[in-house]
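The lines below spell out each chain.
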Amino acid sequence: GGGRYRNAYFGLTYPIPAGWTEQPAGPPPSDAGGYVLTQFASLDGQRVKAHVLVTAQDLFFIPFAAASARDVVLKTRSTIAERYELEKGPDQVTIAGRTFYRLAYKSAPATGLHWRMFTTEARCHALTFTFTATDVKLLDEAEKVLRDLFAHNIHKGVLNHIAACDVKYSWRGMIYLWCQFLVD
């Protein structure tokens, strides 16, 4: 824990919270343009206490009608089975000047699982952070890290505000992406 996940294509740097570890790589990209970018877990011995899954879905190849991150979240909400209870959403939230759509739901009390999804648009993709846990405090911690993520990139000059609810790469950010491209 305590490290950082970096993705040059999306200009994403995600600080891994203390006590969390990066998990093995996900499957290769699907034919429908969906792929796992990374995942982290907070473990209690062998037991997973909380999990963060970061995915990207190419909006050009998505297997249902969706033109935006909001559409993806609305579709997810419509497919949540009756055995799950919707807690909140979808709500539009702003995290460090960027628009996300938040959806929260939970399973039956017997399992106690809670999910929080945050989806935004980046480079023609729906970029989704899915937090899962039985401990709501761990979900709150992971959600705080997400909020800090974009604030960090704005503070470091990688991103600039261009409107009340949007950001774009700065020149410094573009140079960073170019250097990451050369390294990769």
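Trainee: Is there a simple way to think about the pattern of salt bridges in this case?
Mentor: Two side chains carrying opposite charge are able to pair once their charged atoms lie near each other. Scanning the entire structure with this criterion turns up 2 salt bridges. For Arg-116, the salt bridge goes to Asp-140, with nearest N and O atoms at 2.8 Å. In this pair, Arg-116 is assigned in strand E8 (residues 114-122) and Asp-140 in helix H2 (residues 136-155), connecting sequence segments 24 residues apart. With relative accessibility at 10%, the residue Arg-116 sits in the buried group. Asp-140 sits in the partly exposed class, given a relative accessible area of 40%.

Trainee: Explanation requested: the sheet that holds strand E7 (residues 98-106) in the structure shown.
Mentor: Strands in a sheet are paired, the pairing made by backbone hydrogen bonds, and the direction either parallel or antiparallel. Taking strand neighbours across the sheet as the criterion, the 7 strands line up as E3-E4-E5-E9-E8-E7-E6 in an open arrangement whose pairing is antiparallel. Edge strands, defined here as strands with exactly one partner in the open sheet, are strand E3 (20-22) and strand E6 (85-95). Across the sheet, the mean angle separating the axes of adjacent strands is 20° when strand polarity is ignored. Examined bridge by bridge, E7 and E8 share 6 bridges and lie antiparallel to one another. Its bridge partner being in E8, Tyr-105 is matched across the sheet by Trp-115. On top of the sheet, helix H1 (residues 69-79) reaches E6, E7, E8 and strand E9 (125-133); it is set at about 5° to E7, its chief contact.

Trainee: Mind showing me how you'd approach the nonpolar core here?
Mentor: The nonpolar side chains of soluble globular proteins are, as a tendency, buried together. One finds Tyr-14, Val-52, Phe-118, Leu-127, Phe-129 and Phe-131 to be the most contacted residues of the largest nonpolar core, which totals 26 residues. Secondary structure elements with two or more residues in this core: strand E2 (12-15), strand E4 (34-44), strand E5 (47-58), E6, E8, E9 and H2. The element best represented in this core is H2, accounting for 5 residues. Those residues within four positions of Val-52 in sequence are excluded, and the remaining contacts are Tyr-14, Trp-20, Thr-38, Gln-39, Phe-40, Thr-130, Phe-131 and Ala-142.

What counts, and where the lines are drawn
Residues numbered from 1 in each chain as written. Predicted model: local features only at pLDDT ≥ 70, side-chain atom pairs only at ≥ 80, totals over all residues. Heavy atoms only, no water. Salt bridge = Lys/Arg side-chain N within 4 Å of Asp/Glu carboxyl O. Helix = DSSP H or I, 4+ residues; strand = E, 2+ residues; numbered from the N terminus. Buried < 20%, exposed > 50% of the residue type's maximum accessible area, 1.4 Å probe, protein only. Pairing = 2+ DSSP bridges. Axes fitted to C-alpha atoms, helices over the stretch in contact; angles between N-to-C directions. Contact = heavy atoms within 4.5 Å. Core = buried A, V, L, I, M, F, W, Y, C linked by side-chain atoms within 4.5 Å.

Nothing here speaks to function; it is geometry throughout.
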